[in-house]
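Secondary and tertiary structure notes
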Amino acid sequence: MKFLQDLTFTELSKLLKDFGQPAYRAAQLFKWISQGALYGEMTNVPKSLIDRLIEEGYSDSPIKIIDTFTSKIDGTIKLLYALYDGNVIEGVLMKYKYGNTLCVSTQVGCRMNCAFCASGLDGLIRNLSCGEIIGQIIVVNRLFGNVRAVTNVVLMGSGEPLDNYDETAKFLTAISDDNGLNISKRNISLSTCGLCDKIRKLCDDGYTPTLTISLHAPSDEIRSKIMPVSHRYPISELISAAKYYFDVTGRRVIFEYSMIDNVNDSKDCAYQLAKITKGMSCHINLIRLNTVKERGMRGASDAKVKAFLKILSDKGVSATIRRTLGSDIEGACGQLRRRYLGEVDNV
Ligand code: SAH
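Not measured: the values here are computed from a predicted model.

Conventions and cut-offs
Residues numbered from 1 in each chain as written. Predicted model: local features only at pLDDT ≥ 70, side-chain atom pairs only at ≥ 80, totals over all residues. Heavy atoms only, no water. Helix = DSSP H or I, 4+ residues; strand = E, 2+ residues; numbered from the N terminus. Buried < 20%, exposed > 50% of the residue type's maximum accessible area, 1.4 Å probe, protein only. Near = heavy atom within 4 Å. Polar contact = N/O pair within 3.5 Å; in protein donor to acceptor, adjacent residues only side chain to side chain. Areas by Shrake-Rupley, 256 points an atom, 1.4 Å probe, with all protein chains shown as cover. Contact = heavy atoms within 4.5 Å. Salt bridge = Lys/Arg side-chain N within 4 Å of Asp/Glu carboxyl O.

**Description of the side chain of Ser71**
- One can find Ser71 in the loop between strand S3 (63-70) and strand S4 (77-83).
- By relative accessible area, which is 4% here, Ser71 ends up buried.

Take a look at the structure:
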């Protein structure tokens, strides 16, 4: 299936040129596409061009919102989307003073199989296309009737963005195009479990989103118990890739550290973490693990999270505890989708 939203501005310009259209048409159409307009709504585009696009197999609508759940505590919204082939993905819209951040998925399922995460429970089902990734933002903007409703994007939904490199890269190009959504690179975060060669490729290819690395352990011994990817890339390589990203882009790297009861929450872990990140331009986000029933792991106690933070701060490491939004509608990564599909009981 092909979608208009799969096209970058350059690709669309070439396609329309091949169709014999005037040069200004690309900007006109790309703007409509970025607004999520359906063919019937593109009032200044000739019917003959629309017919041609349909003939060539381009659909105007890659994704639909099928349900929303709003937190009564802080207004965070969980969203369920349906894809053209019946697959379902989820997203979260978080409201902050500075704007709205949408958490976006890059794959249906995930093959990284981290021991605490619900997204990998069924393995990788398929990659999302650029249009299906950017489509998540566009339909949320439409839901709010405001083309600028989503101001910040985090690639932290289901899937591993760097395991779907080409479509993720295309998405990064399309989203910051000033003919379209024009979201600044500074307002886009990409979270990875640490595919080191792709981290290097990302900045070598000129992409500079805020890089978030899911570290979750200070040693290979602990990390290999919870993140299979660490068998491929030891922590020393990951730190070296993170330093490279900073050297090339000048952008501080964020490390995510989900604290799991009796797995990675000891004081010793905090000291080791301070040691391996020493001298780096980075920030550490501590998050209490959201319990995923099937995974049999619990979040660390508040006291342990606070003690962990104190050690990092005393060692001069920039670190904060990330506040949990939408705790009343919570379902950690991938859980809402599984509940919708009837694969898990309510949690
Ligand atoms: N594949 C990417 C994006 C995944 S989800 C990555 O690994 O970074 C975004 C973040 O949520 C990751 O840091 C992931 O490790 C974390 N995460 C997954 N399940 C979680 C859970 N149950 N509780 C807390 N964080 C979780």
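Anyway, onward from the coordinates.
**Focus: the site of the ligand**
- Taken together, 18 residues form the shell around the ligand, and within it Glu160, Ser191, Ser214, His216 and Asn290 come nearest.
- Glu160 places a side-chain nitrogen or oxygen 2.9 Å from a nitrogen atom of the ligand.
- One of the backbone nitrogen or oxygen atoms of Thr192 is found 3.3 Å away from an oxygen atom of the ligand.
- Considered on its own, the ligand offers 540 Å² of accessible surface; in the complex 93% of this is hidden by protein.
- Secondary-structure elements contributing two or more residues to the shell around the ligand are strand S10 (188-192) and strand S12 (253-259).

**Comments concerning the environment of Trp32**
- As for its placement among the helices and strands, Trp32 is situated in helix H2 (residues 24-34).
- Once the C-alpha coordinates of Trp32 and Gln5 are considered, the two residues, 27 residues apart in sequence, prove to be 10 Å apart.
- Once residues lying within four places of it in the same chain are set aside, the contact partners of Trp32 are Ala37, Glu41, Met42, Thr43, Asn44 and Val45.

**Section: the pattern of salt bridges**
- Summed over all chains, the structure comprises 15 salt bridges.
- Close ionic contact of Lys78 with Glu90 constitutes a salt bridge, the shortest N to O distance being 3.6 Å. Taken together, the residues span a long stretch of sequence, with Lys78 in strand S4 and Glu90 in strand S5 (residues 88-96) at a distance of 12 residues. For the residue pair Lys78 and Glu90, the accessibility class agrees, reading buried in each case.
- The residue Glu132 makes a salt bridge to Arg126 at a minimum N-O spacing of 2.9 Å. Each of the two residues, Glu132 as well as Arg126, counts as buried.
- Taken together, the shared-partner salt bridges connect Asp85, Arg126 and Glu132 into one network.

These results come straight from atomic positions and should not be treated as a statement about function.
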